[in-house]
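Working through the structure, step by step
Chain by chain, the residues run as shown.
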Amino acid sequence: MDATPPSMAFELRQTSLFAGARDRARSTAAWIEAWLERQREQIALWVPVALGSGIAAWFALPDRSGWLAFCCVALAVSCLSLVLPVQARLRQMMLAGGMLACIGCLLVWGKAHLVGSPPLARATFTQVTGEVVAMTDMPAQAMVRLLVRPESRPDLPDMIRVNLARERQPAGLGAGAHVRLRVRLMPPAPPAVPGGYDFARRAYFQGIGATGRALPPVEMLRPAPGDGRTLRMRLSAHVQSRVEGPAAGIAAALASGDQGAIAQEDVEAMRRSGLAHLLSISGLHVTALIGAVIFLCLRLLALSRHAALHWPLMLMAAAAGAAAGIGYTLLTGAEVPTIRSCIASLLVLGGLAMGRDAITLRLVATGALIVLTFWPDALVGPSFQMSFAAVIALVALGEHPGFRALTVARDEGPGRKASRMILALLLTGIVIELVLMPIALFHFHQAGLLGAIANLVAIPLTTFVVMPAEALALLLDLFGLGAPAWWVAQQALALLLLIAHGVAASPLAVMLAPAFGVGLFATIALGGLWSLLWRGPVRWLGLAPVAIGTLVIILTPAPDIVVTGDGRHVAVRTADGTMAMLRAGAGDYIRDTLAESAGQDGELGVIAALRQARCSADLCAVAMARSGRSWRVLATRSAMYVPPAILARDCAQADIVVSDRRLPRACRPRWLKLDRGTLARTGGIAINLSRGSVRMVRSPGDAHPWVARAPARQLYRRISPASLP
């Protein structure tokens, strides 16, 4: 008889497979704990990342069911962590991470319901009486932009944005004025094509429910207090009056944050050259101002022997710098990027006042956490992503031992010192360009390649010449003596524009990429954060998803057909790889949108001029060869009546039909019928013929509050090109 106790029959033997797996799991858990112990100083940096993941999930998931499911999964992760040992760092990270992700999702969800303004249901032409909440002068576009709060109109949103020609501007117009005007209102525009700029989402969180253009005359019921201009507008106008030529708009933007006077060609040149960040009031401008105030305060207070020996000069200078930073933020409109920079600067000043090392990644994480708490919707905007990515890269680079060895002070000649500083600036610019490239490609479909070289001159020029000259000129203008300082500022700005236009004209200025999905962008972003936030050799594992994502972007084929959401504008890829559009008279905005979405730099051709196209006044048909077969695209060009028999015949011969009007049932193409009804549900569309795939602006069932409602319906059948007749 076997003497083995019954309970031992169910125990794992030391040599069994289960015992080996258990030992490996224990050793892996021990290794993770040891690694987290070494990284304990970096763990707190992932707090804003966890909060941001919940915010991003709310924007990425389509409806309430998805949002609730994400919160449940996040809380399940927190609950799952309770099975781990109490003192384990992994337990603490999972517990906090899951709860922060859930809080982030609920935070932005709550703000969307409390703050957002639902869009206007449909376009309408009406007369509006209301109060002007804010006015922005845009001389470069010959118009003023008004934010109006309609009165006694429950059928209209609480806030509308109205453009008015400058020559039609009545006297006394400004914030606080009451006006009556006729306006054609439209819902805030969604992205025209996949990957385009989503103004509807931004307008929703800004409280703007409709936009339009006012028709003359504008009746003034009650003028604005004073002259109707804010301090910011008066400052901008004063700067423009003191600086001549194209530099006036740049000077006004640097002083007040008002970019309305910058010519479009200068904006484009600054963007292509990687210098666009100089135009918006952000970290560079706030830091330069605060640094100058601290420097002056320390020097002036140090003139007093008693103050130098007995007063806390650094604390007093930091307080003065903080006051200057807050005042500058309020003066320039208190936009989110400026507020973000001001918060970071205040944290730095607090660290300096306490004698602590203030420039750390913990400071950056604290600033990001504050911004995400009060402005969670800022996470999905390029401004938040680019500014924090640049700062994280700068601080991580500054903490690297090799870079510290390069920049550490040493006893050497001025030539070697200048060479080291130039090399450090160049390395900094290259690192920032590499970090910002995926963000720029995702949002703008192009990224600067020569920005590091341009910024090598532009940043010192702006920081140490332009801004001090403008500040001195404004101070001297109190006594009527500012002309020499304005001349210096104008010459420096002329040099800045010369650099911008010179770099932008280079064929290597930008890298282009067609629009790609948010999942790919998130993969690259998480890989970059892994590399920047951890320390040690493990951090380089984050380069794998970055490299894979970059390779996918490079290999992503550009769309063969791009259709705007209204169906009026169609662009097709020609045999030589360029794009040609249906309507030659389309505006610059539509041309740029179609070109950027398709990854093309330069002018678009016209379909009617293609050899493989046949166009009449009403219809245009073009043949496209892809994947060994010929595709036929048919598009309407006018609103004129087409006999049903002719339309049915042409539709039957086409694979894809595009129209800005509703087409009758008799129009039956072989694959896609993109008329007004279909595009109202899908938004803009990008089509890849080789893959037989379609990418839409609107996801089916998208329930975000800024998205116009449309009935769900099967939009197309996904088929392979070989299955078509």
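Chains are numbered independently. Their residues run from 1 in the order of the written sequence. Local features in a predicted model are, by the rule used here, given only for residues with pLDDT of at least 70; side-chain atom pairs are given and counted only at 80 or more, and totals for whole chains, interfaces and linings are based on all residues. Derived side-chain values reflect all non-hydrogen atoms in the structure, with water molecules and hydrogen atoms excluded from consideration.

Structural notes on the overall build of the protein chain
- Across its full length, the protein chain carries 24 helices and 18 strands.
- The C-alpha radius of gyration of the protein chain comes to 30 Å, within 12% of the 27 Å expected for a compact globule of 725 residues.
- We call two residues in contact whenever any of their non-hydrogen atoms come within 4.5 Å of each other. Long-range contacts, defined here as pairs at least 24 residues apart, represent 63% of the contacts in the protein chain between residues at least 6 apart.
- When the accessible surface of the protein chain is split by element, carbon and sulfur atoms take 65% of a total near 36400 Å². The numbering of helices and of strands both runs from the N terminus, where a helix is a DSSP run of H or I of at least 4 residues and a strand a run of E of at least 2. The size measure is the radius of gyration over C-alpha atoms, and the globule rule it meets is 2.2 Å times the number of residues to the 0.38 power. All accessibility values rest on the Shrake-Rupley procedure with a 1.4 Å probe; residue burial counts only the protein chains present in the view.

Overview of the sheet that holds strand β13 (residues 619-626)
- Sheet architecture is open: five strands sit in the order β12-β13-β14-β15-β16, paired in mixed fashion. Two strands in the sheet have a free side with no partner beyond their single neighbour: β12 (613-615) and β16 (672-674). Going across the sheet, the axis of each strand differs from the next one's by a mean of 15°, ignoring polarity. When DSSP finds at least two bridges between two strands, those strands are taken to pair. Note on geometry: axes are lines fitted to C-alpha atoms, helical ones only across the stretch in contact, with angles between N-to-C directions running from 0 to 180 degrees.

Description of the packing of aromatic side chains
- Any two rings among Phe, Tyr and Trp, with Trp reduced to its six-membered ring, count as a pair given centres within 6.5 Å; such a pair is stacked if its planes are under 30 degrees apart, edge-to-face if over 60, and tilted if neither. Counted under the stated rule, the structure contains 21 aromatic pairs.
- Both rings, one in F442 and one in F516, keep their centres 5.6 Å apart while their planes meet at 55°; by these two values the pair is tilted. A residue pair is termed long-range when its members are at least 10 positions apart, and F442 in helix α17 (residues 414-444) and F516 in the loop between β7 (510-512) and α20 (518-533) qualify at 74 residues.
- In this analysis the charged atom, NZ for Lys or CZ for Arg, is taken to sit over a ring once it is within 6 Å of the ring centre and within 35 degrees of the ring normal. In this structure, R539 packs its charged tip against the face of W540, placed 5.4 Å from the ring centre.
- Lying across the ring of W631, R629 places its NZ or CZ 4.5 Å from the centre.

Some points on the packing of helix α8 (residues 247-256) against helix α19 (residues 483-504)
- Packing of α8 against α19 brings their axes to within 9 Å, and their N-to-C directions diverge by 105°. One way to sum up the angle between α8 and α19 is to call them roughly perpendicular. Between α8 and α19, the contacting residues are A247, I250, A251 and L254 on the first element and Q490, L493, L496 and L497 on the second.
- Amino acids are sorted into nonpolar (Ala, Val, Leu, Ile, Met, Phe, Trp, Tyr, Cys and Pro), charged (Asp, Glu, Lys and Arg) and polar (every other residue, Gly among them). Counted by class, the contact of α8 with α19 contains seven nonpolar, one polar and no charged residues. Our angle categories are set so that under 35 degrees counts as roughly parallel, over 145 as roughly antiparallel, 65 to 115 as roughly perpendicular, and the remainder as oblique.

Some remarks on the pairing of strand β18 (residues 693-696)
- Sheet topology places strand β17 (residues 685-688) next to β18; four bridges connect them, and they run antiparallel. Bridge pairing in β18 places I685 opposite M696.
- Linking β17 to β18, which pair antiparallel, is a turn of four residues; within it G692 sits at a positive phi near 65°.

Some details on the pairing of strand β1 (residues 124-138)
- Pairing of β1 with strand β4 (residues 178-186) involves eight bridges; the strand directions are antiparallel. Along β4, the bridge assignment pairs Q127 with R182.
- Of the pairings in the sheet, the one linking β1 to strand β2 (residues 143-150) comprises eight bridges and is antiparallel in character. Paired with T136 across the two strands is R145, which belongs to β2.
- If you look at the hairpin formed by β1 and β2, you'll find four residues sitting between the two strands, and A142 has a positive phi there, around 55°.

Points about the pattern of salt bridges
- When a carboxyl oxygen of Asp or Glu lies within 4 Å of a side-chain nitrogen of Lys or Arg, that pair is called a salt bridge. Summed over the entire model, instances satisfying the criterion amount to 18 salt bridges.
- For the salt bridge of D655 with R670, the shortest nitrogen-to-oxygen distance reads 3.0 Å. Residue D655 is found in the loop between α23 (644-652) and β15 (656-658), and its partner R670 is found in the loop between β15 and β16; the two are separated by 15 residues along the sequence.
- Take D655: its relative accessible area is 0%, and that puts it in the buried class. Only protein chains enter the accessibility calculation, which uses a 1.4 Å probe; a residue whose area is less than 20% of its type maximum is buried, one above 50% is exposed, and one in between is partly exposed.

Considering the side chain of Q42
- Tracing the chain through its elements places Q42 in helix α2 (residues 40-43).
- Under the relative-accessibility criterion, Q42 is labelled buried at 5%.
- Looking at Q42, its side chain comes within polar contact range of the side chain of R535, at 3.3 Å.
- Setting aside residues no more than four positions away along its own chain, Q42 makes contact with L361, L533, W534 and R535. A 3.5 Å cut-off defines polar contacts: any pair of N or O atoms within that distance qualifies, except that in protein one atom must be a possible hydrogen donor and the other a possible acceptor, and neighbouring residues in sequence count only when both atoms are side-chain atoms.

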